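Take a look at the letters that make up each chain.
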Amino acid sequence: PSVDLFATATVHRPTMHQFCHSKKGRDKKPSPWSNEEQEIFLSGLVRYGCEKTKLGENGRVFVGLGPGVARMISAMIGTRSPSQVRSHAQKHFQRLSRQQGLDDS
């Protein structure tokens, strides 16, 4: 009997982890977040919430996404890794903190 080799072939699609840790992923310059990615990020924050927010001795605000939250938001977005989501969240909350500081004065 003849066997169709292409009938059982599977298409290999790299995971986000494989892409980010490949040479191709590391050499790629970071791209700005699109409006759609930003909207999904914000809805993910609302949906999964921030677990911890505390004020440090020096007045700095520390925000924790909580375990697994960056991974869930990353899965919602589909084009960003959990590491990128954590970095974006950090910058997002720094911006909010600055804006609140300016609004209070």
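Please refer to the structure higher up on the page.
Rules used in this analysis
- Residues numbered from 1 in each chain as written.
- Predicted model: local features only at pLDDT ≥ 70, side-chain atom pairs only at ≥ 80, totals over all residues.
- Heavy atoms only, no water.
- Helix = DSSP H or I, 4+ residues; strand = E, 2+ residues; numbered from the N terminus.
- Buried < 20%, exposed > 50% of the residue type's maximum accessible area, 1.4 Å probe, protein only.
- Contact = heavy atoms within 4.5 Å.
- Areas by Shrake-Rupley, 256 points an atom, 1.4 Å probe, with all protein chains shown as cover.
- Phe/Tyr/Trp six-rings, centres within 6.5 Å; stacked < 30°, edge-to-face > 60°.
- Core = buried A, V, L, I, M, F, W, Y, C linked by side-chain atoms within 4.5 Å.
- Arc of directions from axis to C-beta.
- Salt bridge = Lys/Arg side-chain N within 4 Å of Asp/Glu carboxyl O.
- Expected span 1.5 Å × (residues − 1).

K.L.:
How do you make sense of the overall build of the protein chain when you look at a structure like this?
P.N.:
Summing up its helical and strand segments, the protein chain has 5 helices and 2 strands in all. Listing each helix as α and each strand as β along the protein chain from the N terminus yields α-α-α-β-β-α-α. The buried share of the protein chain, reckoned over its 105 residues, is 19%. The contacts of the protein chain with a sequence gap of at least 6 include a subset with a gap of at least 24, amounting to 52%. When the accessible surface of the protein chain is totalled, it reaches about 8600 Å², and 54% of it is carbon and sulfur.

K.L.:
How do you make sense of the packing of aromatic side chains when you look at a structure like this?
P.N.:
Following the criterion strictly, the structure yields 1 aromatic pair and no others. Seen from their ring centres, Trp33 and Phe41 are 5.8 Å apart, and the 75 degrees between their planes marks the pair as edge-to-face. Residue classification places Phe41 among the buried positions, given a relative accessible area of 0%.

K.L.:
Help me understand the nonpolar core in this model?
P.N.:
Across soluble globular proteins, nonpolar side chains have a tendency to be buried as a group. If you look at the biggest cluster of nonpolar residues, it comprises 11 residues: Trp33, Phe41, Leu45, Leu65, Val69, Ala70, Ile73, Ile77, Val85, Ala89 and Phe93. Of all the elements in the fold, those that place two or more residues in this core are helix 3 (35-48), helix 4 (69-77) and helix 5 (82-104). Tallying contributions element by element places helix 4 first for this core, with 4 residues. Residue contacts for Trp33: discarding those within four places in its chain leaves Gln38, Phe41, Ile77, Arg80, Gln84, Val85 and His88.

K.L.:
Would you take a moment to explain helix 4 for this structure?
P.N.:
Two residues of an α-helix separated by three or four positions point the same way, owing to the 3.6 residues in each turn. Within the span of helix 4, buried status applies to Val69, Ala70, Ile73, Ser74 and Ile77. Down the axis of helix 4, the sector holding all buried residues measures 135 degrees, keeping them to one side. In helix 4, the exposed positions angled more than 90 degrees off the buried face are occupied by Arg71 and Ala75. Positioned one or two residues after helix 4, Gly78 has a phi angle of 85 degrees, which is positive.

K.L.:
Sorry if this is basic, but what is going on with the pattern of salt bridges here?
P.N.:
Proximity of charged atoms lets side chains of opposite charge pair with each other. Applying the stated criterion across every chain yields a total of 1 salt bridge. A salt bridge links Glu37 to Arg80; the nearest nitrogen and oxygen atoms lie 3.1 Å apart. Remark: Arg80 occurs in the loop between helix 4 and helix 5 and Glu37 occurs in helix 3; sequence separation between them is 43 residues. A single burial state applies to Glu37 and to Arg80, both of which are buried.

K.L.:
Honestly, helix 3 in this entry has me stumped. Any pointers?
P.N.:
For helix 3, spanning 14 residues, the distance from its first C-alpha to its last is 20 Å, which sits close to the expected 20 Å at 1.5 Å a residue. Those residues of helix 3 not exposed but buried are Glu37, Phe41, Gly44 and Leu45. Around the axis of helix 3, the buried residues are gathered within 100 degrees of arc, so they sit on the same side. Exposed residues lying more than 90 degrees from the buried face of helix 3 are Asn35, Glu36, Glu39, Val46 and Arg47.

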